[in-house]
Amino acid sequence: MNGRPGERAAAPGRDHAATMGPYASEDKLLNQIIKLVSGCVSFLGGFLVVWGAVSLGLAIREQQGGAQIASAISTIAGGAIIIAASVYFGMLDTSWLPA
């Protein structure tokens, strides 16, 4: 057993530093950033959908007319578009990074 006491020897073929390449940590970091941004934008889109649904319910309940109902429907549609954009952003291909 080489090394300090209590230190485990690396298994053969498991030397991650030699096999991952110099850009592996940047690739993981970029994927984590994309995942974080996609999650935040999805949350924003979901919030807009819920806000629009509440506004629509209140507009129908109060019988406020077409303008308030149209605004609420637009908010719901905008939130759905934002959610779709965040899903697309989360699926971006990062294989263009140098290996």
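Since we're looking at a predicted model, the values are computed, not measured.

Asker: Help me understand the overall build of the protein, please; the structure alone is not making it clear to me.
Answerer: Within the protein, the regular secondary structure consists of three helices and zero strands. Shown N-terminal to C-terminal, the secondary structure of the protein runs as helices and strands in the order α-α-α. Taking as baseline every contact in the protein between residues at least 6 positions apart, the subset at least 24 positions apart corresponds to 72%. Taken as a whole, the protein presents about 7,800 Å² of accessible surface, with 66% of it coming from carbon and sulfur.

Asker: What's the story with the pattern of salt bridges in this structure? I'm lost.
Answerer: If charged atoms from side chains of opposite charge come close, those side chains can pair. One pass over the structure, following the stated rule, counts one salt bridge. Two residues, E62 and R61, come together in a salt bridge whose shortest N-O distance is 2.6 Å. The exposure class of R61 is exposed, given its relative accessible area of 61%.

Asker: Even after reading the chapter, I still don't get a nonpolar patch on the surface, so can you show me in this structure?
Answerer: On the surface, L29, I33, V37, V41, I83, V87, Y88, F89, M91 and L92 cluster together to form a nonpolar patch covering roughly 870 Å² of accessible area. At the level of elements, α2 (24-62) and α3 (66-90) are the ones that each hand at least two residues to the nonpolar patch. Relative to the assigned elements, L92 resides in the segment after α3.

Asker: Just to check I follow, could you spell out the side chain of S38 for this structure?
Answerer: Along the chain, S38 turns up in helix α2. Polar contacts involving the side chain of S38 include one to the main-chain carbonyl oxygen of S86, which spans 2.8 Å. The contact partners of S38, leaving out residues within four places of it in the chain, are S86, V87, F89 and G90.

Asker: Help me out: how do you make sense of the side chain of S86 in this one?
Answerer: With respect to the helices, strands and loops of the structure, S86 is situated in helix α3. Overall, S86 belongs to the buried group, its relative accessible area being 2%. From its side chain, S86 meets the backbone oxygen of I83 in a polar contact 2.8 Å long. Aside from chain neighbours lying at most four places away, what touches S86 is S38, V41 and S42.

Asker: Could you clarify how one ought to interpret the environment of E62 in this entry?
Answerer: By the secondary structure assignment, E62 is in helix α2. For E62, a relative accessible area of 44% puts it in the partly exposed group. Only 2.6 Å separates the side chain of E62 from the side chain of R61, close enough to count as a polar contact.

Asker: What is the right way to look at the environment of Q68 in this model?
Answerer: Within the secondary structure, Q68 is located in helix α3. Taking C-alpha positions, Q68 is 7.9 Å from S55, a pair spaced 13 residues apart along the chain.

Asker: Sorry if this is basic, but what is going on with the environment of D93 here?
Answerer: Here D93 is to be found in the segment after α3. It is 9.5 Å that separates the C-alpha atoms of D93 and N31, two residues lying 62 residues apart in sequence.

Cut-offs applied
- Residues numbered from 1 in each chain as written.
- Predicted model: local features only at pLDDT ≥ 70, side-chain atom pairs only at ≥ 80, totals over all residues.
- Heavy atoms only, no water.
- Helix = DSSP H or I, 4+ residues; strand = E, 2+ residues; numbered from the N terminus.
- Contact = heavy atoms within 4.5 Å.
- Areas by Shrake-Rupley, 256 points an atom, 1.4 Å probe, with all protein chains shown as cover.
- Salt bridge = Lys/Arg side-chain N within 4 Å of Asp/Glu carboxyl O.
- Buried < 20%, exposed > 50% of the residue type's maximum accessible area, 1.4 Å probe, protein only.
- Patch = residues over 30% accessible without salt bridge, like charges linked within 9 Å, V, L, I, M, F, W, Y side chains within 5 Å.
- Polar contact = N/O pair within 3.5 Å; in protein donor to acceptor, adjacent residues only side chain to side chain.

Function cannot be inferred from these measures alone, as they are strictly geometric.
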